[in-house]
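Each chain, letter by letter, is given below.
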Amino acid sequence: AAWKSVSANGDLTAGPDLAAGRGQLQLRIAQLADLQPLVGTPIGGSLAANVRLTPSAGRPQARFDLTARNVRIHGVTGNAQLLASGAPNALRIQLSAASPSLGGSPANIRVRARANDVARTLELDRFQLHYRGQTVHLLSRPRIVFARGLAVRNLRLGAGKAVIAVNGELTP
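What counts, and where the lines are drawn
- Residues numbered from 1 in each chain as written.
- Predicted model: local features only at pLDDT ≥ 70, side-chain atom pairs only at ≥ 80, totals over all residues.
- Heavy atoms only, no water.
- Helix = DSSP H or I, 4+ residues; strand = E, 2+ residues; numbered from the N terminus.
- Buried < 20%, exposed > 50% of the residue type's maximum accessible area, 1.4 Å probe, protein only.
- Polar contact = N/O pair within 3.5 Å; in protein donor to acceptor, adjacent residues only side chain to side chain.
- Contact = heavy atoms within 4.5 Å.
- Pairing = 2+ DSSP bridges.
- Salt bridge = Lys/Arg side-chain N within 4 Å of Asp/Glu carboxyl O.

1. Some thoughts on unusual backbone geometry
Leaving glycine out, the prevailing phi sign among residues is negative, and the prevailing peptide bond configuration is trans.
Argument step 1. Its identity is not glycine, yet R132 carries a phi of approximately 50 degrees, on the positive side.
Argument step 2. When you line up the elements, R132 lands in the loop between β9 (121-131) and β10 (134-138).
Argument step 3. R132 gets classed as partly exposed once you look at its relative accessible area, which sits at 48%.
Argument step 4. Phi angles above zero are rare outside glycine, and N154 is one such case at about 60 degrees.

Now the structure itself:
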């Protein structure tokens, strides 16, 4: 299917969870400006995404990649890449994003995590943010639980001599 610079191609079947999924899907938006009437704000850049679900002996495999190039929105320009691969109960996730000028200064972030769709958890392995000459980095191996609300366990971030610690729950 295609509309303006937007194209989607694939055959993807998925149930309530990834375990029953199979197939592939490709999405390309060569000019995000084509979506401006839909999002109601000026936007630019491009986006490409691929999803592949492969059945495997008891452990289906998923692969997702998304690349955003020269995205411009609300005066901020940047690039980002999101990769995820593995079984639904052991999905490895990597995120990297950078902007040459966020509030007048360059910024970048790198995150590596493991997600478990079955247990509804996310465990951060790496978090590093560089902005305005400061670095914020992960000091612990936190766990975030998405079942019956949101729970954060043992999140500790360091920035210079400061430590930010989060333990708690948000429930509906």
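Let us keep going from here.
2. Comments concerning the side chain of S99
Argument step 1. Checked against the element boundaries, S99 lands in strand β7 (residues 91-102).
Argument step 2. At a separation of 2.6 Å, a polar atom in the side chain of S99 contacts the main-chain carbonyl oxygen of T77.
Argument step 3. Only 3.3 Å separates the side chain of S99 from the backbone nitrogen of S101, close enough to count as a polar contact.
Argument step 4. Apart from the residues within four sequence positions on either side, S99 is in contact with V76, T77, G78, S105, P106 and A107.

3. Quick look at the pairing of strand β6 (residues 76-86)
Argument step 1. In this sheet, β6 lies alongside strand β5 (residues 61-73) in antiparallel orientation, the contact comprising ten bridges. Note that in β6 the partner of A68 across the bridge is A80.
Argument step 2. Relative to β7, β6 runs antiparallel, the two being bridged by seven bridges. In the sheet register, A84 faces β7, and the bridge partner there is I93.

4. Focus on the environment of A165
Argument step 1. Relative to the elements of secondary structure, A165 occurs in strand β13 (residues 162-170).
Argument step 2. As a C-alpha pair, A165 and S105 span 60 residues in sequence and 26 Å in three-dimensional space.
Argument step 3. In this structure A165 touches L155 and R156, once residues within four positions along its chain are discounted.

5. What to know about the pattern of salt bridges
Argument step 1. Counted by the stated rule, this structure contains six salt bridges.
Argument step 2. We note a salt bridge from R120 to D117, for which the minimum N-O separation is 2.5 Å.
Argument step 3. In this structure, D125 and R141 form a salt bridge, with 2.8 Å as the shortest nitrogen-oxygen distance. Here the residue D125 occupies a position in strand β9, and R141 occupies one in the loop between β10 and β11 (143-145), the gap between them amounting to 16 residues.
Argument step 4. Among the charged side chains, a network of salt bridges with common partners joins R114, E123, D125, R141 and R143.

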